Amino acid sequence: MVLVDSRTLVERRLLGMGTSRPRRVFTDEFKADAVAMVTQLGRPRAEVARDLGIGESTLGRWVASATGTAGSGSGSNRRAPDLAGDDPNEMRRELARLREENAFLKKAAAFFAQEQR
């Protein structure tokens, strides 16, 4: 008995069923050349991506990784705060994190002090 999927091709595409493209793999040399076009030649990222047939965000990740700025955007959660910097948003986040940590430590100290009595 063969099960037939009654979904239309459009429904299958929307659900991501059976129509995905194989993932493309790029060599390190290709990535380095693409990054060099942006960083050394000063060409716009969108233009280079279009010329090479890759996504602009893909090229952006390669450039960020090569220049050491990966995860350094204002919305990034992947980096440690730069305490020497003067970004007020970053300082505010760090202050909130430290206050949270301090509140937790106070509660833990009170718990253990009560337990010893």
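From a predicted model like this one, the values you see are computed outputs, not experimental measurements. In every chain, residue numbers begin from 1 and rise along the written sequence. Restriction of local features to residues with pLDDT of at least 70 applies here, the model being predicted, together with a cutoff of 80 or more for giving and counting side-chain atom pairs; totals for whole chains, interfaces and linings are based on all residues. To obtain the side-chain values, all non-hydrogen atoms of the structure were used and water was disregarded.

Participant: What's the story with helix H4 (residues 56–67) in this structure? I'm lost.
Facilitator: Owing to its 3.6 residues per turn, the α-helix aligns residues three or four sequence positions apart on the same side. The helix and strand labels rest on DSSP assignments: H or I over at least four residues marks a helix, E over at least two residues marks a strand, and numbering proceeds from the N terminus. Expected helix span is given by 1.5 Å per residue-to-residue step, counting one fewer step than there are residues. For H4, which comprises twelve residues, the first-to-last C-alpha distance of 16 Å matches the rise-based estimate of 16 Å (1.5 Å per residue) to within 8%. Listed in full, the buried residues belonging to H4 are Thr58, Leu59, Gly60, Trp62, Val63 and Ala64. Whether two residues are in contact is decided by their heavy atoms: any pair within 4.5 Å suffices. Check the buried side of H4 and you find it contacts helix H2 (28–39) and helix H3 (45–52). Positive phi shows up at Gly68, right after H4, with a value of about 80°. When accessible area is computed with a 1.4 Å probe and restricted to protein chains, residues below 20% of their type maximum are described as buried, those above 50% as exposed, and intermediate ones as partly exposed.

Participant: Sorry, what's going on with the nonpolar core here?
Facilitator: Remark: nonpolar core denotes a set of buried residues (Ala, Val, Leu, Ile, Met, Phe, Trp, Tyr, Cys) joined through side-chain atoms within 4.5 Å. Grouped together as the largest cluster of nonpolar side chains are nine residues: Ala34, Val35, Val38, Val48, Ala49, Ile54, Leu59, Trp62 and Val63. Every element with two or more residues in this core is listed here: H2, H3 and H4. In contact with Val63, not counting residues within four places along its chain, are Val35, Val38 and Thr39.

Participant: Which parts of the structure should I look at to understand the pattern of salt bridges?
Facilitator: Two side chains of opposite charge can pair, provided their charged atoms sit close to one another. Any Lys or Arg side-chain nitrogen found within 4 Å of a carboxyl oxygen on Asp or Glu counts as a salt bridge. Throughout the structure, instances matching the rule amount to five salt bridges. For Asp51, the salt bridge goes to Arg43, with nearest N and O atoms at 2.3 Å. Of the charged contacts, one joins Glu94 and Arg97 as a salt bridge, the two residues approaching to 2.9 Å between their closest N and O atoms. Of this pair, Glu94 and Arg97 both sit in helix H5 (residues 88–116), three residues apart, roughly one helical turn. Through salt bridges with shared partners, a single network forms among Arg43, Glu47 and Asp51.

Participant: Is there a simple way to think about the packing of H2 against H4 in this case?
Facilitator: For any two helices packed against each other, one specifies the inter-axial angle together with the distance between the axes. The axes used here are C-alpha line fits, helices contributing only the stretch in contact, and every angle between their N-to-C directions lies in the interval 0 to 180 degrees. Where H2 contacts H4, the axes come no closer than 9 Å and their chain directions differ by 85°. Comparing the axis directions of H2 and H4 gives the class roughly perpendicular. Contact with H2, carried on its side by Phe30, Lys31, Ala34, Val35, Val38 and Thr39, involves Leu59, Trp62, Val63, Ala66 and Thr67 of H4 and no other residues of that element. In terms of residue class, the contact of H2 with H4 is made up of eight nonpolar, two polar and one charged. The labels follow the angle: roughly parallel below 35 degrees, roughly antiparallel above 145, roughly perpendicular from 65 to 115, and oblique for the rest. Under the scheme applied here, ten amino acids are nonpolar (Ala, Val, Leu, Ile, Met, Phe, Trp, Tyr, Cys and Pro), four are charged (Asp, Glu, Lys and Arg), and all others, including Gly, are polar.

Participant: What exactly am I supposed to notice about H2 here?
Facilitator: Over its twelve residues, H2 extends 16 Å from the first C-alpha to the last, a length consistent with the 16 Å expected when each residue adds 1.5 Å. Within the sequence span of H2, burial applies to Ala34, Val35 and Val38. For H2, the arc enclosing every buried residue in end-on projection is 95°, short of the 170-degree limit, so these residues lie on one face. Considering only its buried residues, H2 is in contact with H3 and H4. This arc is built from the directions going out from the helix axis to the C-beta atoms.

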